[in-house]
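What follows is the residue order along each chain.
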Amino acid sequence: MIKRIWSGCSWLYIALLPLSAFYGLISGLFRLSYKLGLSRSWKASVPVVVVGNLTAGGNGKTPVVIWLVEQLQLKGYRVGVVSRGYGGKSERYPLLVTDEVTTIQAGDEPVLIRRRTGVPVAVAPKRTEAVKALLAHAPVDIVITDDGLQHYALQRDYEIVVIDGIRRFGNGCWLPAGPMRELAGRLNTVNAIIVNGGIPQTGELPMALKGELAVNLLTGETRKVCDIPNGIAMAGIGHPPRFFATLQQLGADLQKTHAFADHQSYEKSQLLALAGNNQNLLMTEKDAVKCFQFAQPNWWYLPVYAYLPEKEGQKILNEICSLLP
């Protein structure tokens, strides 16, 4: 139902417009208070890059964060990442993500980023606290924040917005009548706009998420997706159909698909019921980081990587590197 409302396919969004107007008023006043100096923001001692979006739901931010981390590492910079840790419930914040920290404590994206890149990651509902903890814990040259475009208490030096190129901005309304956290005019103030799939518009940088080799959760074996028979696909991400479409494009032998809520927590019995012994369960890497402790021999995940055009991607990296000593 939400998908239909936000896409403009249901007139029910009209009933929600008063709430959207209130949301827009409050968010506008909130941002204005920081712009006028009525609310205090904090400036870190190192450059801060925000990778965020204008809409609710998954747009592909985390793969962009990982791409940016890896590219900066190749240039010799020490990178740290902060996140709100959505879905995590830690006894205390800020939380430094170590190999022992679980997705229950930190949320799935921070654990995924730490596992994939090995960089220091800190989590806190207030990202300023996460950055302070990160700087106290590890010598880093630059901090990247996974999401947080609307967290104006933290000053930033560079802003990247990631857009779902298929869904884009739906009906263009503020939450809850539409998907917008901020209206599309906010794009005029950011440094770079990256579009995940679809057809980019003027000034937007195209990005593709690509993956080919699935990884076995239990053994670490890699195998082409098309070579895994009797597949049952599951995804608990912002937009599961994107993952299912990716598997189909890779020639996956899919029998069924199961979409879960974003940041879904899983139990062993729940996933065992999805795929029998003669079937293979295929999931996203974001789902996999929550399942390693009870993984089965027939469970696989597909890591995906962000690919940007060389020239435009290098332009973003050069602009960010110009902020560094």
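Predicted model only: the values in this text are computed from it and were never measured.

A.B. asks: Would you explain the packing of aromatic side chains in this entry?
C.D. replies: Ring pairs (aromatic) are described by centroid distance and by the angle formed between their planes. Scanning all chains against the criterion turns up 5 aromatic pairs. For the ring pair phenylalanine 260 and tyrosine 266, a centre distance of 5.3 Å and an interplane angle of 80° mean the geometry is edge-to-face. With a relative accessible area of 17%, phenylalanine 260 lands in the buried category. We classify tyrosine 266 as buried; its relative accessible area is 8%. When the centroid spacing of 6.0 Å and the interplanar angle of 90° are considered together, the rings of phenylalanine 294 and tryptophan 299 count as edge-to-face. Both residues of the pair, phenylalanine 294 and tryptophan 299, belong to the buried class. Its end group placed over the ring of phenylalanine 292, arginine 115 keeps NZ or CZ at 4.0 Å from the ring centre. Lying across the ring of tyrosine 307, lysine 210 places its NZ or CZ 5.2 Å from the centre.

A.B. asks: Honestly, the pairing of strand 14 (residues 299-302) in this entry has me stumped. Any pointers?
C.D. replies: The alternating pattern of strand 14 places Trp299 and Tyr301 on one face and Trp300 and Leu302 on the opposite face, and all of these are buried. The pairing of strand 9 (residues 213-216) with strand 14 spans 2 bridges and is antiparallel. Residue pairing for strand 14: valine 215 is matched across the bridge by tyrosine 301. Strand direction decides the pairing type here: strand 13 (residues 280-284) and strand 14, joined by 4 bridges, are parallel. The partner of threonine 284 across the bridge, within strand 14, is leucine 302.

The rules behind each value
- Residues numbered from 1 in each chain as written.
- Predicted model: local features only at pLDDT ≥ 70, side-chain atom pairs only at ≥ 80, totals over all residues.
- Heavy atoms only, no water.
- Phe/Tyr/Trp six-rings, centres within 6.5 Å; stacked < 30°, edge-to-face > 60°.
- Buried < 20%, exposed > 50% of the residue type's maximum accessible area, 1.4 Å probe, protein only.
- Lys NZ or Arg CZ within 6 Å of the ring centre and 35° of its normal.
- Helix = DSSP H or I, 4+ residues; strand = E, 2+ residues; numbered from the N terminus.
- Pairing = 2+ DSSP bridges.

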